[in-house]
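# Observations on the three-dimensional arrangement
So you can see what is in the structure, the chains are spelled out below.
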2 protein chains.
Amino acid sequence: FKFNVVKNKATGDERPSGKLSVKENSSCYHNNNDDDLFSGKLVQGKHVFQQNFSIRSYEVGPDSKITIGALTNLLQESAVNHLIRGGVMVEGLGWTPAMCLKNLIWVVYNIHILIDTYPSWSDVVEVETWTCASGRNGMRRDWLGRDYNTRKTLFTAVSVYVMMNKKTRKLSKFIEETRQETKPLFMDYCDPIINDATKLRDLDFDTAHYVIKDLSPKWTDLDVNQHVNHVKYINWILQSAPESILETQKLCSLKLEFRKECGKNSLLHSLSAISKKSDQGFELEHTLRLQNGLTILRGRTVWMPRNY
Amino acid sequence: FKFNVVKNKATGDERPSGKLSVKENSSCYHNNNDDDLFSGKLVQGKHVFQQNFSIRSYEVGPDSKITIGALTNLLQESAVNHLIRGGVMVEGLGWTPAMCLKNLIWVVYNIHILIDTYPSWSDVVEVETWTCASGRNGMRRDWLGRDYNTRKTLFTAVSVYVMMNKKTRKLSKFIEETRQETKPLFMDYCDPIINDATKLRDLDFDTAHYVIKDLSPKWTDLDVNQHVNHVKYINWILQSAPESILETQKLCSLKLEFRKECGKNSLLHSLSAISKKSDQGFELEHTLRLQNGLTILRGRTVWMPRNY
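Predicted, not measured: the structure shown is a model, and the values here were computed from it.

### Let's talk about the pattern of salt bridges
Residue and element names in this part refer to chain A.
- According to the stated counting rule, one finds 40 salt bridges over all chains in the structure shown.
- Of the charged contacts, one joins Glu-261 and Arg-169 as a salt bridge, the two residues approaching to 2.5 Å between their closest N and O atoms. With Glu-261 in the loop between strand 9 (249–258) and strand 10 (268–278) and Arg-169 in the loop between strand 6 (153–165) and strand 7 (171–172), this pair connects stretches of sequence that are 92 residues apart.
- Under the relative-accessibility criterion, Glu-261 is labelled partly exposed at 23%.

Shown next, in the form of structure tokens:
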């Protein structure tokens, strides 16, 4: 029996393939311009954004390691900073001028994070991120997180965003104007850093092993897109995971697919089921659904013993 | 009718009084050592720690302003960094060598935050913090948050910490060894930056106007002290505040008093009551209590219209 954690391309050569040129040597990472140390910088033309984060005391959990929520936040932060520094974003979370004119926003369609090693408080993590079109309507983004000092790969992630109309809350095509606006930043093509084609399924009350009912988003749970942020969803998913797994295992893969957005007047249920179990750990399935049964998101997490 | 927001000493001269010497001019804040820009530094001997924070995209709420939870996190971060840089902390959240030997940890006894202006995403906030003994058993810490560029005071805060035995979870005296260890860092005396002697009272089901029942801390809500972190408490308090106040008003004063700690097997209730109401805003009282009626914390918040 093996878990469905796909081969992490990053842990080998660790550089995105495709149109990126490989840096001559690693010493260029450690330049002496301290201004860049935490502010981030564009590298490889504007194609890659690199930002360091010193893990803060409040970003770690009871095990002194960064929480999955805090880690996911760093992904969002580096992504929007790439769009800001690249000069394509004027407002909100990555909205370009044409998107603002047409009332379009980016929303997360899916995300997959593989964590090999969780950084601890005060560790410096170097996050590199790059982006390209995904199919006709999506924007894909890849991340690679390294320990700044040891150069060890800590985590990789990939996410697809789609456009949504801010007023109608309906999905939109990736508009041509933004395709032009983002051209200097987007790579023409790039192999995804994680390749996992396995499907996720919805849980219902019959198939779930653990259920937390009536989670109620408050105004304070909303982000600048006026909907519940994906990190809040992660916390709700973990609420229905068994405490024994949270305490003894480490989360090493988190895959989420967002089906519907959720605002502050919703009531939702968090459902989890153990789908695989072995000495090497657990695989869990997750669904967040509205009272009326509609799926907000489905997900899969893979857990391994903490000291594995 | 006037709110009980006390005069904020910081908005005048903005420097702590007592043994601190006033800096000659403000230009020394903007030194060119970029390494210090976000890493923080000891100033005025070791008595004051100064750290800049660039507000991140995920630290702001639906109004694009920093959330009270994120702001409180920055206070904790600058406080522990002061203890680390000052060389007195070896482990955990500010534990000195003698504290580690005797299994003692710091816990928050009370905290009072006054917010004049909430910073927005990407604003750089300069936090200054200093500390001194508080009575025989406490450690008081003061904070002053300024806009790095405009020098405008954004917020002030003061908190008292006490020692607790990590194993028995009982409060302890401020041990003599740690009094010696922290001597180079602690000021002999310093006027508190906020002076509000008004008492807080406990709410019960009869006096509360709003009640959220059965909040259940999970393992993921614990911090490295293995109890629920004070920022989580703030979120639970706000859960029982009326949505209409959260959406139309800004929180300008938050005063909390912690009576008992709370671990992951507790079930607790969040109680709120409107104690004052006028054109200028609202004053709310809050209590978090266990099922058996014991008070975990009591608090008071003051709210003003967002564009006041």
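### Digging into helix 2 (residues 68–85) of chain B
Residues and elements named next belong to chain B.
- For helix 2, which comprises 18 residues, the first-to-last C-alpha distance of 26 Å matches the rise-based estimate of 26 Å (1.5 Å per residue) to within 8%.
- Extensive coverage of helix 2 is indicated by the burial of 16 of its 18 residues.
- Positive backbone phi, at 80 degrees, marks Gly-87, one or two positions downstream of helix 2.

### Re the environment of Ser-134 of chain A
Residue and element names in this part refer to chain A.
- Position of Ser-134 relative to the elements: it lies in strand 4 (residues 124–134).
- In this structure, the C-alpha to C-alpha distance between Ser-134 and Val-162, residues 28 residues apart in sequence, is 9.2 Å.
- Those residues in contact with Ser-134 that lie beyond four places of it in its chain are Met-139, Arg-140 and Val-160.

### Remarks on the relation of the copies chain A and chain B
- Here chain A sits on chain B after a turn of 180 degrees about the axis and a move of 0.0 Å along it, with an RMSD of 0.0 Å. Given the turn and translation reported, the copies of this chain are related as if by a two-fold rotation axis.

### With respect to the nonpolar core
- Core analysis: the largest hydrophobic core is formed by 140 residues, its most contacted members being Ile-68, Ile-113 and Tyr-233 of chain A together with Ile-68, Ile-113 and Tyr-233 of chain B.
- Not counting residues within four places of it along the chain, the set of residues in contact with Ile-113 of chain B comprises Ile-68, Leu-71, Thr-72, Leu-75, Thr-156, Ala-157, Cys-252, Ser-253 and Leu-254 of chain B.

Cut-offs used in this document
- Residues numbered from 1 in each chain as written.
- Chains lettered and ligands numbered in written order.
- Predicted model: local features only at pLDDT ≥ 70, side-chain atom pairs only at ≥ 80, totals over all residues.
- Heavy atoms only, no water.
- Salt bridge = Lys/Arg side-chain N within 4 Å of Asp/Glu carboxyl O.
- Helix = DSSP H or I, 4+ residues; strand = E, 2+ residues; numbered from the N terminus.
- Buried < 20%, exposed > 50% of the residue type's maximum accessible area, 1.4 Å probe, protein only.
- Expected span 1.5 Å × (residues − 1).
- Contact = heavy atoms within 4.5 Å.
- Least-squares fit on C-alpha atoms with pLDDT ≥ 70 in both.
- Core = buried A, V, L, I, M, F, W, Y, C linked by side-chain atoms within 4.5 Å.

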